[in-house]
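# Working through the structure, step by step
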Amino acid sequence: KQPMATPTALSVLAEHARCSVGAVLCIRFNPTGHYLLTAGKDRSVRLWNASAGRADADGNASLVHSYTGAHAQEVRCVCANPDSTRLASAGADRGAFVWDVRRGCVVRRLRGHDGGPVNDVRFA
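A brief structural summary. (Residues numbered from 1 in each chain as written. Predicted model: local features only at pLDDT ≥ 70, side-chain atom pairs only at ≥ 80, totals over all residues. Heavy atoms only, no water.)

### Overview of the packing of aromatic side chains
All chains considered together, the criterion is met by one aromatic pair. Judged by centre distance (5.6 Å) and plane angle (65°), the ring pair of Tyr67 and Trp99 falls under edge-to-face. Placement of Tyr67 in strand 4 (residues 62-67) and of Trp99 in strand 7 (residues 96-100) is noted, with a sequence separation of 32 residues between them. On the basis of relative accessible area, Tyr67 is assigned to the buried category, the value being 1%. (Phe/Tyr/Trp six-rings, centres within 6.5 Å; stacked < 30°, edge-to-face > 60°. Helix = DSSP H or I, 4+ residues; strand = E, 2+ residues; numbered from the N terminus. Buried < 20%, exposed > 50% of the residue type's maximum accessible area, 1.4 Å probe, protein only.)

### Digging into the environment of Ala50
For Ala50, the position within the fold is in the loop between strand 3 (45-49) and strand 4. C-alpha of Ala50 to C-alpha of Leu37: the two residues are 13 residues apart in sequence and 9.7 Å apart in space.

### Quick word on the pattern of salt bridges
The full count for this structure, using the stated rule, is seven salt bridges. Arg28 serves as the salt-bridge partner of Asp120, at 2.6 Å between the closest nitrogen and oxygen. You can see Asp120 sitting in the segment after strand 8 (105-110) and its partner Arg28 sitting in strand 1 (residues 24-29), a full 92 residues away along the chain. The class for Arg28 is buried, based on a relative accessible area of 15%. By relative accessible area, Asp120 is classed as partly exposed at 42%. (Salt bridge = Lys/Arg side-chain N within 4 Å of Asp/Glu carboxyl O.)

On their own, these measurements won't tell you what the molecule is for.
So this is what it looks like as structure tokens:
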């Protein structure tokens, strides 16, 4: 069951746009619903704490980490694995990457997407 959007969660869209260049193309909750992931035109993936009580004075969700440097073009999708220790991202550059959440680095690049952009990514 996907968590319901809250005012704090919805503020993530505005915050991602404020601290990036370009549109937010994907927003997803992690499996527990305490964090949100965003991906966008700025080639970044961002992890946000959307839990109640973690917002700033204006009610905006707090940025936990930005994951950058892997994608050459816009990131179209992102998701977390079941225990939220890994993220997967993919996008217009036909790249799909697995990230270590804690270390903030790519641990694997998935190759073979030669037909065009990758529009979705999920853990099984």
